[in-house]
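# Descriptive analysis of the structure
Take a look at the letters that make up each chain.
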Amino acid sequence: MAQESPNPWLAPALATLVPYDPGFTQVDVLLSANENSFGVPEDVRAAMQRATEGIALNRYPDPMANELRDAIAAWHGVSRGNVVVGNGGDEIIFNLLLAFGGAGRTLIDCPPTFSIYGLYAQITGTNVMKVPRNADSFELDTDAIDKAAAQANIIMITSPNNPTGNLADLAWVDRLASSTKALIVMDEAYVEFADEGASSVALLRKHDNVCILRTFSKAFGLAGVRCGYLLAPQAVVDGMSAVRQPYSVDVCAQAIARVAVERREAFIPAIETIRAQRELMIEGLNAIEGVRVWPSAANFILVRLPNAHEAHLRLRDEHSILVRDFSRTPGLDNCLRITVGTPEENRRVLDAMEALA
Ligand SMILES: *Cc1c(COP(=O)(O)O)cnc(C)c1O
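The paragraphs below set out a description of the structure included in this document.

### Observations regarding the sheet that holds strand β4 (residues 127-130)
If you walk across this open sheet you meet the seven strands as β2-β8-β7-β6-β5-β3-β4, and the pairing is mixed. Lying at the two open borders of the sheet, with one neighbouring strand each, are β2 (83-86) and β4. For this sheet, the mean inter-axis angle between neighbouring strands, taken without regard to orientation, is 20 degrees. Summarising the sheet, strand β3 (residues 106-109) and strand β5 (residues 154-158) pair through two bridges and their orientation is parallel. Residue pairing in the sheet places L107 in a bridge with I154 of β5.

### Observations regarding the pattern of salt bridges
Enumeration over the complete set of coordinates arrives at 14 salt bridges. With its nearest N and O atoms 2.8 Å apart, the salt bridge here joins D317 to R316. Take D317: its relative accessible area is 53%, and that puts it in the exposed class. The exposure class of R316 is partly exposed, given its relative accessible area of 28%. Sharing partners across several salt bridges, the network here consists of D195, E272 and R275.

### Overview of the nonpolar core
Membership of the largest hydrophobic core comes to 81 residues, with the highest contact counts inside it found for I155, F216 and L285. A per-element tally of this core places helix α9 (residues 251-262) first, with six residues. Sequence-distant contacts of I155, defined by excluding residues within four places in its chain, comprise I108, I145, A149, L176, T180, A182, L183, I184 and V185. Counting 24 residues, the second-largest nonpolar core is a separate cluster that includes F100, L107, I116 and C211.

Conventions used here
- In every chain, residue numbers begin from 1 and rise along the written sequence.
- Reporting of local features is limited, given that this is a predicted model, to residues whose pLDDT is at least 70; pairs of side-chain atoms are given and counted only at 80 or more, and all residues count toward the totals for whole chains, interfaces and linings.
- As a rule here, side-chain values cover all heavy atoms of the structure and leave hydrogens and water aside.
- At least two bridges found by DSSP between two strands are what make those strands a pair.
- A run of DSSP states H or I qualifies as a helix once it reaches four residues; a run of E qualifies as a strand once it reaches two. Both are numbered from the N-terminal end.
- Simply put, an axis is a line fit to the C-alpha atoms, just over the touching stretch for a helix, and the angle between two N-to-C directions goes from 0 to 180 degrees.
- For salt bridges, the criterion is a side-chain nitrogen of Lys or Arg within 4 Å of an Asp or Glu carboxyl oxygen.
- Each residue is assigned to one of three classes by its accessible area relative to the maximum for its type, calculated with a 1.4 Å probe on protein chains only: buried under 20%, partly exposed between the two thresholds, exposed over 50%.
- To form a nonpolar core, buried Ala, Val, Leu, Ile, Met, Phe, Trp, Tyr and Cys residues must be joined to one another through side-chain atoms within 4.5 Å.
- When checking whether two residues touch, look at their non-hydrogen atoms; a contact exists if any pair is within 4.5 Å.

Here you go:
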């Protein structure tokens, strides 16, 4: 006899769900969630405060967020009809799977990668076809994806990938888009930290099955505001309109994100500092005995070291530094992901890692 569910109300299909756990605890140096330690530049923050001051809090937000969509569309050279905004990129991923996944449909997921895809696939009843990355380099197995694509409805390609930091080959994405009918979702949550030309934005104009996910949570330092967006063909935008919760992006988030778009140049100095610090951190971590470091195009670094789980606990408890422990994730044995913070935070990480070694 089947074991009785511990929760008699829970839908049977969801009984094995493991809730997303970012592993958060209060520490001095918080480098576990790929947030931007620099936050929003002061004058931009003042502009955000002014933008939210006069807002009617008793009125529902514009359900279409049209002013924000227009600002995003102008920035990327597309039309309003090619933009969806959401309560964080996460909501957009959820809605993509609701609209284009579901029972009898298949998502290609390329682990190790962002675990939210698999979780939301399970919630929405979408089949997952896993096409693992190379176990050593974490490069995509492009031949295997090419073959699997015929059976897929959605292909998630994370570039830069979280938590491994590497980019997808855009020439290959271009060929894949031509050869498959599946919807290709390029998750570019970290692309602002990569070199010029890393984005697949140009593929939007060329293909009717490519969409690009972006967020204000990382480079724009607005993780607390919960706003992300998708650039996509009109048919994808229309499909998502049907499933989305109309007021998920609140009035303050819409106003704040608009200022972020208008003042996007003001975020470049912090992004440049993070990029430079990333290279210094890679060098510093590489110099520590027993630590393997992967290159990164994002604002975080993946490392492998002996007894990583214990190292994570000691960083937290002895040094008040929180990094992300992936040591129990398949394919990421003994791996930790360290967000690149301010120079002071990064120095503390290097000192602590040296003390552990
Ligand atoms: C952070 C992240 C997102 C989106 O985050 P939101 O805060 O929900 O906008 C999407 N994809 C990846 C890979 C991420 O790491």
